[in-house]
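What follows is each chain in one-letter form.
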Amino acid sequence: MKVLSKLTDDVFNVILNSTKPELRESREILRNVLSRELPKFVREKPLPGNYADDKESIEKIKQNMNIPRTEYIIQVANLDFGMKTENPINTQETDPINNQQADPINNQETNPINNQQADPINNQETSPIQKMLFYRKHIVDVAKTEETQLFPPVRYKEKLVRVFSTKKYPESCEHVDQKFCEAMEKMARERPADEGTGERSVERNQQEVIVPNIAVISDRGLVSQVHFKVFNDPVHGHISMHPLCVLIIDTPEFQRLRHIKQINAAYFVYPGASHNRFEHSLGVCYLAGRVVRKLKKQKQPNLDINDKDVLCVQIAGLCNDLGHGPFSYLFEHRFLPQMQPNCKWTHKEASVMMFSRLIEKNNLIDKFKLYGLENEDITFIKELLNVKAEEQDPEWKYTGRDESKRFLFEIVTNVRNGIDAETWDSCARDCLMLGMSSRFDHMRCIKYVRAIKIKNKYQICFRDKEKRDFDELFFILAKLKNMAYQHKTTFIAGEMIVEAVMKVNALILLKGTNRNDCTIVGAKGDMNAFFALTDDIITQILNYPFPKREELEDLRKTQEPNQQRLEVLREEEQTWSEARSILEKVLKRKFYKFVAEIKLPRLAKFQSILERTIAESGVEQNDIVCQFVELDYAPKVCKTVAFYSKHRPDFATVEQVRGSQSYLKETIVRVFCKEDRHFHLLKEKLDLRTDMMNTLQLSFADTALEQH
């Protein structure tokens, strides 16, 4: 059990990212899974006769097919009522609950509804409903079986045999199909008699669900008909994806997002918050496509939106999160700043680099050209992935599209006001997975979206009657921040994870370009190393031994070891153990102690008070963790949203969102203590300070009220 407790789904990434030569064949198989290079489904048929044993059935079919077994795969699917091999419906001789004779109504010999011959395959005589007992409203202590009011199925269990071709070209699939049909017909002729089984002879050929959409992507006629693939998303329902987007999805670089949590450490607070960047990216792609197609359909010919623009915006929405590190923003906003305080790295820049790697490693440049996308379009997509704020780029510096299409840069990521496809999907998806209610309807906003010139620059605008909806959007975002993103347990769990990863930064080496070793920090600039950096890093720390264990053991066995090197390895081993100990505390929910929460009128003044309090208590600065939270229910961006009216759809003005003035802005400081022995002393000191700060808070509020 000690070993089994370490065996999880992460074994997939362990094999995939391994460099051991003996795992080469396994790595190739898993890469085929990520790229969806799967065996081709050919046909399925019901299993005839009394073939109850799956292994016996598969072996019989393989013998009858008489072709090399490496060319196909056989699966037997059992479809039943959830009782597996146990008989769920034999009529009971006595009622075990009420200790009385079985109800004669339900006896098969006298029941006209269920008067059927036994099924020799399943050994079942009656309907499953007859195994259930029911009580009545006024007689709650007596339960009896009831006669079913529906005609039961003839059979209650079915075995389907499916065959897959390991070679995907049509000739091989046809050959496997022919041999499989012949083998099943032979089995049907040889089967024992099973009268009354009611076996259906109708073949059910599984077909891939596709949505045909005739669309000319290129003026040169490279592709005249496109078949969109359908994905079932828990938030947006059935969404269709362009085949080029599907090719991007079916790459190892994109599949990596399955192993990166959407809301960093919130999973330790909300068990449902296990959703990841993969599904979020699908949602952003879908919503971005809805927006740009809505703009294209409107009677605004001056926008000049073509099919290539639509596809580029969709791909940008799909690839927007490719550059995220472990636990999403935990890596970017908390790990890197502590390791390299002056680091300016962002996941947006990494997304551009990972997108380039995705195209190169998977040879997709020809596929892009097939759908009419040239180099300038790929440049446009990269620019969409890393949009700069106007104050950073006051002049138009983008080359993928000219300034007349500025509004396209606000669909996926709107740096002007944050109202974009990424925010809409995050809000809807996070609320769903966290079990929170949200009255904001992003589809209503998309319905009224327009691109209008303001100060001679096109930008995304909305109907004036949507102001109240944006109030709700800003409110729910602040609520999510307060109750999930900046929840005190989410914060301290993330802080402990960051602390553990910081300790092993130099001990976990990732293979980068030219097979150079990269530390965790160094991987941010090398996409070959960064590709292997996901949330699974904590599993590696928890379940794997010290990476240099063999070298350490060899030195210990040496008669005259290098003492300096031996001491270094001992210290590194101790560091590895400390990191593992921290993560074990996270799993056991032994988080650092929460000491106090203080609402502040002025942050700068409190920092000096906090430092003085810690010094007076005699607690080391390293034993204290502080969380600073700013909750703004009326963010500045709400003053940068432009609205148009029903009667003047081509004129928009920037207005203050109506209800936002009534909301509050709060600054909260939370203090945590690492060592239990310091907890009570620090809490006593901070309680006194908290009372003082509350007095200051009331005094500040009274002063503000008088001024108002």
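Numbers given to residues run from 1 along each chain, matching the order in which its sequence is written. The model is predicted, so local features are restricted to residues of pLDDT at least 70 and side-chain atom pairs to those at 80 or more, both for listing and for counting; the totals for chains, interfaces and linings are taken over all residues. The side-chain quantities take in all heavy atoms of the structure and omit both hydrogens and water.

Caption draft 1: Structural detail: the nonpolar core. In plain words, nonpolar cores are sets of buried Ala, Val, Leu, Ile, Met, Phe, Trp, Tyr and Cys residues tied together by side-chain atoms within 4.5 Å. Here's how the labels work: a residue is buried when its accessible area is under 20% of the maximum for its type, exposed when over 50%, partly exposed in between, all with a 1.4 Å probe on protein chains only. Counting residues in each nonpolar core, the largest one holds 128 residues, and the members touching the most others are F254, I315, F355, F368, W424, F462 and F470. Segments assigned H or I by DSSP are reported as helices when at least four residues long, segments assigned E as strands when at least two residues long, and all are numbered from the N terminus. The element best represented in this core is helix 7 (residues 277-297), accounting for 10 residues. Setting aside chain neighbours within four positions, we find F462 in contact with I419, W424, C445, Y448, V449, F470, V641, A642, F643 and Y644. Judged by nonpolar contacts, the second largest core, of 16 residues, contains I74, V176, F180 and M187. Note on definitions: a residue-residue contact is assigned when non-hydrogen atoms from the two residues lie within 4.5 Å.

Caption draft 2: The sheet that holds strand 1 (residues 40-46), seen in detail. Taking strand neighbours across the sheet as the criterion, the 3 strands line up as 1-7-2 in an open arrangement whose pairing is antiparallel. Pairing within the sheet leaves two strands with one partner each, and these edge strands are strand 1 and strand 2 (72-79). Between one strand and the next, the sheet's axes are offset by a mean angle of 25°, whatever the strand orientation. Two strands are said to pair when DSSP picks up at least two bridges between them. The pairing of strand 2 with strand 7 (residues 158-165) spans 8 bridges and is antiparallel. Counterpart to I74 in the pairing with strand 7 is V163. Between N-to-C directions, angles cover 0 to 180 degrees, with each direction set by a line fitted to C-alpha atoms, over the stretch in contact for helices.

Caption draft 3: Local environment of the pattern of salt bridges. In what follows, salt bridge is the name for a side-chain nitrogen of Lys or Arg lying within 4 Å of a carboxyl oxygen of Asp or Glu. Throughout the structure, instances matching the rule amount to 33 salt bridges. With its nearest N and O atoms 2.7 Å apart, the salt bridge here joins R406 to E403. Note on R406: relative accessible area 9%, which makes it buried. With a relative accessible area of 36%, E403 lands in the partly exposed category. Among the charged side chains, a network of salt bridges with common partners joins K308, D309, D377, R401 and K405.

Caption draft 4: The pairing of strand 7, seen in detail. Burial runs high along strand 7: 8 of the 8 residues are buried. Side chains E158, L160, R162 and F164 of strand 7 all project onto a buried face; the interleaved residues K159, V161, V163 and S165 project onto the opposite face, where all are buried too. Bridge count for strand 1 against strand 7 is 6 bridges, and the pairing is antiparallel. Paired with K45 across the bridge in strand 7 is V161.

Caption draft 5: Fine view of the packing of aromatic side chains. Aromatic pairs are defined between Phe, Tyr and Trp rings, using the six-membered ring for Trp, whenever the two ring centres lie within 6.5 Å; interplanar angles under 30 degrees are classed as stacked, those over 60 as edge-to-face, and all others as tilted. Scanning the entire structure with this criterion turns up 19 aromatic pairs. On the numbers, 5.3 Å between centres and 65° between planes, the contact of F254 with F278 is edge-to-face. One end of the pair, F254, is in helix 6 (residues 252-255); the other, F278, is in helix 7, with 24 residues separating them in the sequence. With a centroid separation of 6.5 Å and an interplanar angle of 35°, the aromatic rings of F440 and F470 are classed as tilted. In this pair, F440 is assigned in the loop between helix 13 (421-434) and helix 14 (442-447) and F470 in helix 15 (residues 467-485), connecting sequence segments 30 residues apart.

Caption draft 6: Expanded view of empty space enclosed by the protein. Put plainly, a pocket is an open set of points on a 1 Å grid over the protein atoms alone with protein on both sides within 12 Å along at least five of seven lines, a cavity is a set where a 1.4 Å probe fits but cannot get out, and a lining residue has an atom within 4 Å of a point. Grid points are joined across faces, edges and corners, and a volume is the space filled by probe spheres set on the points. Applying the stated criterion across every chain, the model contains 4 cavities of 30 Å³ or more. The wall of the largest cavity is formed by P326, F327, L330, F331, F335, I497, V498, V501, I520 and I537. Residue composition of the lining of the largest cavity, grouped by class: 10 nonpolar, no polar and no charged. By volume, the second largest cavity is sized at about 60 Å³. Along its surface, the second largest cavity is lined by N13, L16, N17, L34, P252, Q255, R256, H259, F531 and T534. Listing elements by their share of the lining of the second largest cavity, those giving two or more residues are helix 1 (11-16) and helix 6. In this classification, Asp, Glu, Lys and Arg are treated as charged, Ala, Val, Leu, Ile, Met, Phe, Trp, Tyr, Cys and Pro as nonpolar, and every other residue, Gly included, as polar. For the lining of the second largest cavity, a count of residues per class yields 4 nonpolar, 5 polar and 1 charged.

Caption draft 7: Here's a closer look at unusual backbone geometry. The backbone of D304 sits at a positive phi, close to 55°, despite the residue not being glycine. Positionally, D304 belongs in the loop between helix 7 and helix 8 (307-319). Of the residues examined, D304 reaches a relative accessible area of 52% and is grouped as exposed. Phi at N363 is positive, roughly 50°, even though this residue is not glycine. Take N363: it is sitting in the loop between helix 10 (347-361) and helix 11 (365-370). Using a relative accessible area of 60% as the deciding quantity, one classes N363 as exposed.

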